[in-house]
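Working through the structure, step by step
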Amino acid sequence: MIQVKKLLLSILFLILLVPTQALAAGFSDVPTNHWAYASIDKLTKQNILNGYTNGTFLPSKPVTRAEAALIIARATVNNKPTSFQAKFTDVPKNHPAYNAIQSLTELGVFSNSVKFNPDKILWRSEMSKIIVEAYDIIVDDNNEVFFPDMSPRTWYFPYATTIAEVKISEGLTPLKFGPGYATTRAQLATFIDRAMTFKQKRDAGIITYDKTKKQYLDSTISTTDDFALETIHLVNIERAKEGLNPLKEDGSLSKIAFIKAKDMVENDYFDHVSPTYGQPWDMAKHFNYSYSYFGENIALGQRTPAEVVNDWMNSSGHRANILNPNYTQIGASAYKNSQGRIYWVHMFAKK
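Every chain's residues receive numbers from 1 upward, in the order its sequence appears when written. Only residues with pLDDT of 70 or above have their local features reported here, since the model is predicted, and side-chain atom pairs are shown and tallied only from 80 upward, although totals for entire chains, interfaces and linings are computed over all residues. Derived side-chain values reflect all non-hydrogen atoms in the structure, with water molecules and hydrogen atoms excluded from consideration.

Within an unreviewed UniProt entry, the label attached to the chain reads S-layer protein, and the organism entered is Paenisporosarcina cavernae.

Listed below in structure tokens is the structure:
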């Protein structure tokens, strides 16, 4: 009997020594190392999300259109009553999501049609449009992010591209958006959390929309286009010294250079090979840029256009690109990280 008691005490002691795993809002299936933990925990504490009576959240469970309406309404209009009546014939007044659906339809988040299909799965393509409309995000045609699994001819292309550009969604992978995949509860939690943060920054003036450039700019991580254009001028001075024709600034190529610089900042690397897009010429192909010759110069940390061009001219490989007689086009970008260090990119091409 004494031995049994000792055994029980030993087991209890071992149990007490085993560390317990923290869970998002107490959900047994959302540990701290879950990729959506922070968003689920945050939105649950704000009563935007809830779990199930058995203590689970079911992060991988697909979201229905009605469930998405309830969650988004809590996050945006706080489920305020409305007298608006949509045309939907499949959402009776006693439906749990009736008010949420009416409110969001009144705001233009949902299309006011005969059928709402409340029990159908919310596809990622639909989710992209709902997020854009719910948070009043401007859709432009810059297409700074490209997913090969989406055709520009599809209705959802501009919405999916836009939420990827503003980092609300990063895609299933860097090169796969998955428009025909179901939106999971964890994904929706993350999208809404990021959209709320985006709105807060926009309301505070941290994020602004540049109508000329057709892009949102975050003042904490900014572009430096004037610097980039000045480097082109300095490159053409060096070419003139060698009797070479000047390079023409190519807007499409500068856009790709900007995406490369931004990619290096956001993914914390400095290399010609992008973990997102691959080699520079692969990247050009991703964005449908045609060429017969292609090259790239990159630099990090130089404070002025003169400094970076000088460093490039003192490096044999970079100098060879600058003075290559085959090139006719140039794209340039300079992008600051959060510490103020500038990532410089030149892309050279011959059409």
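That covers the picture; the talk isn't over yet.
**Thoughts on the packing of aromatic side chains**
Between the rings of Phe, Tyr and Trp (Trp by its six-membered ring), a pair exists once the centres lie within 6.5 Å; its type follows the angle of the planes, with under 30 degrees stacked, over 60 edge-to-face, and the other angles tilted. Scanning all chains against the criterion turns up 15 aromatic pairs. One aromatic cluster is present, built from ring pairs that chain together Phe88, Phe110 and Phe116. Here Arg65 stacks its cationic end above the ring of Phe116, 4.4 Å away from the centre of that ring. If you follow Arg185 out to its NZ or CZ, it ends over the ring of Phe57, 4.1 Å from the centre. Note on criteria: charge over ring means Lys NZ or Arg CZ within 6 Å of the ring centre, with the direction from the centre no more than 35 degrees off the ring normal.

**Section: the domain arrangement of the chain**
Domain delimitation follows an automatic or database domain assignment. The domain boundaries assigned to the chain delineate domain 1 (36-207) and domain 2 (223-350). Summarising the inter-unit geometry, the C-alpha centres of domain 1 and domain 2 are found 37 Å apart. Whether two residues touch is decided by their heavy atoms; if any such pair falls within 4.5 Å, the residues are in contact. Between domain 1 and domain 2, the residue contacts involve eleven residues of the former and nine residues of the latter. In this assembly, domain 1 packs against domain 2 so that about 820 Å² is buried in total across both faces, 55% of it on carbon and sulfur atoms. Contact with domain 2 buries surface across domain 1, with Glu144, Phe146 and Leu175 losing the most and accounting together for 57% of the total. For this analysis, a salt bridge means a side-chain nitrogen from Lys or Arg found within 4 Å of a carboxyl oxygen belonging to Asp or Glu. The interface formed by domain 1 and domain 2 includes one salt bridge. N or O atoms closer than or at 3.5 Å make up a polar contact, with two conditions inside protein: a donor-capable atom paired with an acceptor-capable one, and, for residues adjacent in sequence, both atoms drawn from side chains. Linking domain 1 with domain 2 are one residue pair in polar contact (both at pLDDT 80 or more). Note: buried area is the sum, over both parts, of the accessible area (probe 1.4 Å) each one loses when the two are combined.

**Some points on the sheet that holds strand β6 (residues 342-350)**
Across a sheet, paired strands are connected by hydrogen bonds in the backbone, their directions being either parallel or antiparallel. We call two strands paired when DSSP finds no fewer than two bridges between them. By the criteria applied, helices consist of DSSP H or I runs no shorter than four residues and strands consist of E runs no shorter than two, each listed in order from the N terminus. Reading across from one edge, β3-β5-β6-β4 is the order of the four strands in this open sheet, with mixed pairing throughout. The sheet is open, and its two edges are formed by β3 (248-249) and β4 (293-300), each paired on a single side. Both strand β5 (residues 329-336) and β6 contribute to a ladder of eight bridges, which runs antiparallel. In the sheet register, Gly331 faces β6, and the bridge partner there is Met347. Sitting on the sheet, helix α8 (residues 225-241) touches β3, β5 and β6, and the angle it makes with β5 is about 140°. Of the strands in this sheet, β3, β4, β5 and β6 are in contact with helix α9 (residues 251-267), which crosses β5 at around 30°. Each axis is a line fitted through C-alpha atoms, and for a helix only the stretch in contact is used; angles between axes span 0 to 180 degrees, taken between their N-to-C directions.

**A word on the confidence of the model for the chain**
Looking at the chain, the pLDDT average stands at 88 and 91% of residues meet or exceed 70. Confidence scores labelled pLDDT are given residue by residue by the predictor and lie between 0 and 100. Looking over the chain, one finds the lowest element-wise mean pLDDT in helix α1 (residues 2-17), namely 40, and the highest in helix α5 (residues 124-134), namely 97. Within the model, pLDDT remains below 50 along residues 1-21, and this stretch shows two contacts once partners closer than five positions in the same chain are excluded.

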